[in-house]
Amino acid sequence: MEDTTFDYIIVGGGVAGCVLASRLSASLPENSILLIEAGPENADDRVALSMGVFLSDTDDIQWNHDSIPQKGLDGNVVSKTQGKVLGGSSAINYQAWTRGSASEFDRWAEEVGDKRWSWNEMLPYFKRSETFVPGKDMSQEKSEAHGYSGPIKVTHVSSSGRNRNYPLKAMIADIHETAGQKRNDDMNSGDTLGYSEFANATLNGQRQWAALCPRGKNVTLWSSTQAIKLLFAGTQAVGVDVLHDGSAGTATAGKEVIVSSGAQNTSKLLLLSGIGPKAELQKHQIRQLADLPVGDNFSDHPYMATFWKVRERGLSLGDMEMVTPDCDWTAGSGCDFFAFHRHEEEHLKKLTKETLGAKEVERFELAGRPHTESFVMHGHIDFTGLVEAPEGSSFSFLNILVAPESRGSIRLASSSPTDPPLVDPALFTNPVDSQLMYECARMNITAIKASSAVSKYGAVEYGIAEADRDDLSDEALRRRLVKTCATVFHGSGTCAMGTVVDTECRVLGFRGLRVIDASIFPFPIGAHY
Ligand SMILES: Cc1cc2nc3c(=O)[nH]c(=O)nc-3n(C[C@H](O)[C@H](O)[C@H](O)COP(=O)(O)OP(=O)(O)OC[C@H]3O[C@@H](n4cnc5c(N)ncnc54)[C@H](O)[C@@H]3O)c2cc1C
């Protein structure tokens, strides 16, 4: 590969990188921009079709990282994969489209001392990204909360262009109502609490992903090219060393290098380049350029599933035709609603005060901030592979922790850029997280049992010991947790704003170097990202 010079180099063509390449090329048409992506440019129908990745082998377009053994899960390992293709993880994800609550962004802005990160200041950017097609239950009037001309078409299940009349929809709504959730017509308006129709980045069975953001002619794409080291002249970032088909090369940046390789690989690249904790760099004989907490503060949203078999046949994925006039399972995730919850139990408040710092307690108590989320997938969806699918129809109930207090890290396995990093989300190492998860699961299992799931459909929990079925003690819930826990792949925080980057995403102590992906979140947000 020839050495080449550009004004801007963007490292990582995922959500952040594709959006930035699109916007930068439009606003700076005279500047040259290089977008470097480790994966291929095109990944055919596996990506383009909404459910393509779930129906085919996609290992070649994923990083396939696993966590290190998780102490909080008795040593189990969880998948920490990310997309490795233009569009990044948005090319392989579940297409849920959520923003988080206004109070979380306002808190973010307050913590970093810059109101540009507040909900009101972020809203124009959320709107600019989408073309929103409201669900049938929503007002069809244009809303101030939504955009109608962005590159990503966002629909609700009922407005996604295909018939997705999942047979158990009314039953799921009944479970959420029985759990005391209020109906929230628009969860993306800043108020996430309650249950709402599932918003998806899909239309007519076609995935809507970041690679669809238009790029100007001034963008050069180097696909299947991995950045292996950032280059500096003093504290000025001046380029990137890369590997392409086993050959080494260099790209030079006249103005800036902008890293958007995802919450795991961005840290890895910075560490390989000498930006990070001293002890970590010394371990791998890497010369330190700056002592910043790169790779610290890693968090993810873990879930715990419960599985339920229903009496009748022909009601869920795998137990009926994939495409019927009424229901097209290929058109999007088999899921009708998501619900976000707060937990106000006194024992939780007491525990937070006993175990968390003052800042963390304030975040926990932030009005409007969800602590947990739940949603139901119509069918047997088990990402751990430890629960056997039953005969007949079933549903899987995911309880998700969206305000985790546990923090892990990204570290290097070696100084070789081709080795995967050591990924440690440190799940359930903070006692508040376990208690939140148990409260969420307890609420939902109790609601399932009191709802039409049991009275009308005869739902019975499976995948657990018979003796545990009626046992909602912490111990019995923990057995479910250890067996079913994985994450929903929402890693963030490893180059946090305030400690690694400033409020313009500039890496502290350097010129011409920014990090712009999910690494910069100061704390986890109650949303999918
Ligand atoms: C299986 C899965 C399901 C998910 N489900 C949802 C969902 O339903 N809804 C939702 O909102 N979010 C979901 N997410 C999360 C969401 O997709 C990510 O948060 C989002 O894509 C993060 O954007 P990013 O730009 O930080 O990183 P990514 O989108 O992961 O992009 C990083 C890019 O950088 C490239 N890269 C990495 N290292 C290098 C390097 N050294 N050189 C060159 N290129 C490099 C990668 O190949 C990748 O293309 C899911 C994620 C996964 C993995």
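Residue positions are given per chain, counting from 1 as you read along its sequence in written order. Given that this is a predicted model, residues contribute local features only at a pLDDT of at least 70 and side-chain atom pairs are listed and counted only at 80 or more, while totals for whole chains, interfaces and linings are drawn from all residues. To get the side-chain values, take all heavy atoms of the structure and skip hydrogens and water.

### Examining the packing of aromatic side chains
Consideration 1: When the centres of two rings from Phe, Tyr and Trp lie within 6.5 Å, Trp using its six-membered ring, the rings pair. Their planes under 30 degrees apart give stacked, over 60 give edge-to-face, and anything left gives tilted. All chains considered together, the criterion is met by 20 aromatic pairs.
Consideration 2: A ring pair is formed by Phe6 and Trp222, whose centres lie 6.0 Å apart and whose planes are at 85 degrees; its orientation type is edge-to-face. Of the two residues, Phe6 sits in strand β1 (residues 4–11) while Trp222 sits in strand β9 (residues 219–222), which places them 216 residues apart along the sequence. For the residue pair Phe6 and Trp222, the accessibility class agrees, reading buried in each case.
Consideration 3: An aromatic cluster is present here, built from Phe105, Trp108, Trp117, Trp119, Phe126, Phe521 and Tyr529 joined pairwise through their rings. Helix and strand assignments follow DSSP, with helices taken as H or I runs no shorter than four residues and strands as E runs no shorter than two, numbered in order from the N terminus. Each residue's exposure class comes from its accessible area (1.4 Å probe, protein chains only) as a fraction of the maximum for that residue type: buried when under 20%, exposed when over 50%, partly exposed otherwise.

### Digging into a nonpolar patch on the surface
Consideration 1: On the surface, a nonpolar cluster with roughly 430 Å² of combined accessible area is contributed by Phe54, Leu55, Leu317, Met322 and Val323.
Consideration 2: With respect to the helices, strands and loops of the structure, Met322 is situated in the loop between β13 (302–309) and β14 (337–341). Every patch collects residues that have over 30% relative accessible area and no salt bridge, joining them within 9 Å if they carry like charges and within 5 Å if they are nonpolar side chains (Val, Leu, Ile, Met, Phe, Trp, Tyr). Residue burial considers only the protein chains on display, and all accessible areas are found by Shrake-Rupley using a 1.4 Å probe. Salt bridges are counted wherever a side-chain nitrogen of Lys or Arg sits within 4 Å of a carboxyl oxygen of Asp or Glu.

### Things to note about the site of the ligand
Consideration 1: The environment of the ligand is made up of 35 residues, and the closest members are Glu37, Ser89, Ala96, Ala227 and Tyr529.
Consideration 2: The protein chains hide 94% of the 1,000 Å² of surface that the ligand would expose on its own.
Consideration 3: Listing elements by their share of the shell around the ligand, those giving two or more residues are α1 (15–27), β10 (225–233) and α6 (262–272).
Consideration 4: For the shell around the ligand, the element with the most residues is β10, which contributes 3 residues. For this description, a residue counts as near a given molecule or strand if any of its non-hydrogen atoms is within 4 Å of it.

### Observations regarding the domain arrangement of the chain
Consideration 1: Boundary definitions for the domains trace back to an automatic or database domain assignment. Per the domain assignment, the segments making up the chain are domain 1 (1–95 + 208–298 + 409–424 + 491–529) and domain 2 (158–206 + 302–401 + 428–484).
Consideration 2: Spacing between the C-alpha centres of domain 1 and domain 2 amounts to 31 Å.
Consideration 3: Across the contact, 17 residues belong to domain 1 and 25 residues belong to domain 2.
Consideration 4: Summed over both partners, the accessible surface that disappears when two parts come together, traced with a 1.4 Å probe, is what is meant by buried area. Approximately 1,800 Å² of surface area, both sides summed, lies buried where domain 1 meets domain 2, with 54% of it carried by carbon and sulfur atoms.
Consideration 5: Arg478 serves as the salt-bridge partner of Asp74, at 2.8 Å between the closest nitrogen and oxygen.
Consideration 6: Nitrogen and oxygen atoms within 3.5 Å of one another constitute a polar contact, given that in protein one can donate a hydrogen and the other can accept it, and given that sequence-neighbouring residues count only through two side-chain atoms. Linking domain 1 with domain 2 are 12 residue pairs in polar contact (both at pLDDT 80 or more), by the criterion used here.
Consideration 7: Residue composition of the side of domain 1 that touches domain 2, by class: 9 nonpolar, 7 polar and 1 charged. Should any heavy atoms of two residues lie within 4.5 Å, those residues are counted as being in contact. Any residue outside Ala, Val, Leu, Ile, Met, Phe, Trp, Tyr, Cys, Pro, Asp, Glu, Lys and Arg is labelled polar, Gly included; the first ten of those are nonpolar and the last four are charged.

### Things to note about the pattern of salt bridges
Consideration 1: Applying the stated criterion across every chain yields a total of 33 salt bridges.
Consideration 2: Two residues, Glu344 and Lys349, come together in a salt bridge whose shortest N-O distance is 3.5 Å.
Consideration 3: Overlapping salt bridges bring together Asp114, Arg116, Asp502, Glu504 and Arg506 as one network.

### Some points on the nonpolar core
Consideration 1: Only buried Ala, Val, Leu, Ile, Met, Phe, Trp, Tyr and Cys residues count toward a nonpolar core, and they belong to the same one when joined by side-chain atoms within 4.5 Å. Trp108 and Leu513 are the most contacted members of the largest nonpolar core, which totals 51 residues.
Consideration 2: The biggest single contributor to this core is helix α3 (residues 102–112), with 5 residues.
Consideration 3: By size, the runner-up hydrophobic cluster in this structure holds 40 residues, among which are Leu73, Ile175, Leu401 and Ile445.

### Comments concerning the environment of His347
Consideration 1: Looking at the secondary structure, you find His347 in helix α8 (residues 346–355).
Consideration 2: Exposure remark for His347: the relative accessible area of 36% places this residue in the partly exposed category.
Consideration 3: Every residue in contact with His347, bar those within four places of it in the chain, is listed here: Gln435 and Glu439.

### Remarks on the sheet that holds strand β6 (residues 199–200)
Think of a sheet as strands paired side by side through backbone hydrogen bonds, with each pair either parallel or antiparallel.
Consideration 1: On the basis of which strands lie adjacent, the open sheet formed by 3 strands has the order β3-β4-β6 and mixed pairing. Both edges of this open sheet fall to β3 (130–133) and β6, since each of them pairs with a single strand only.
Consideration 2: Any two strands are treated as partners once DSSP identifies two or more bridges connecting them. Pairing analysis gives 4 bridges linking β3 to strand β4 (residues 152–156), with the strands arranged parallel. Note on β4: the bridge partner recorded for Glu130 is Ile152.

### Brief notes about the side chain of Glu197
Consideration 1: Looking at where Glu197 falls in the secondary structure, it is placed in strand β5 (residues 194–197).
Consideration 2: A polar contact of 3.4 Å, which involves the side chain of Glu197, links it to the backbone nitrogen of Val157.
Consideration 3: Those residues in contact with Glu197 that sit more than four places away from it in its chain are Gly135, Lys136, His156, Val157, Ser158, Arg183, Asp336, Phe337 and Phe338.

### Brief notes about unusual backbone geometry
Consideration 1: In this structure, Gln95 takes a positive phi of about 70 degrees despite not being glycine.
Consideration 2: With a relative accessible area of 3%, Gln95 lands in the buried category.
Consideration 3: In this structure, Phe428 takes a positive phi of about 55 degrees despite not being glycine.
Consideration 4: For Phe428, the location among the structural elements is in the loop between β18 (422–424) and α10 (431–450).

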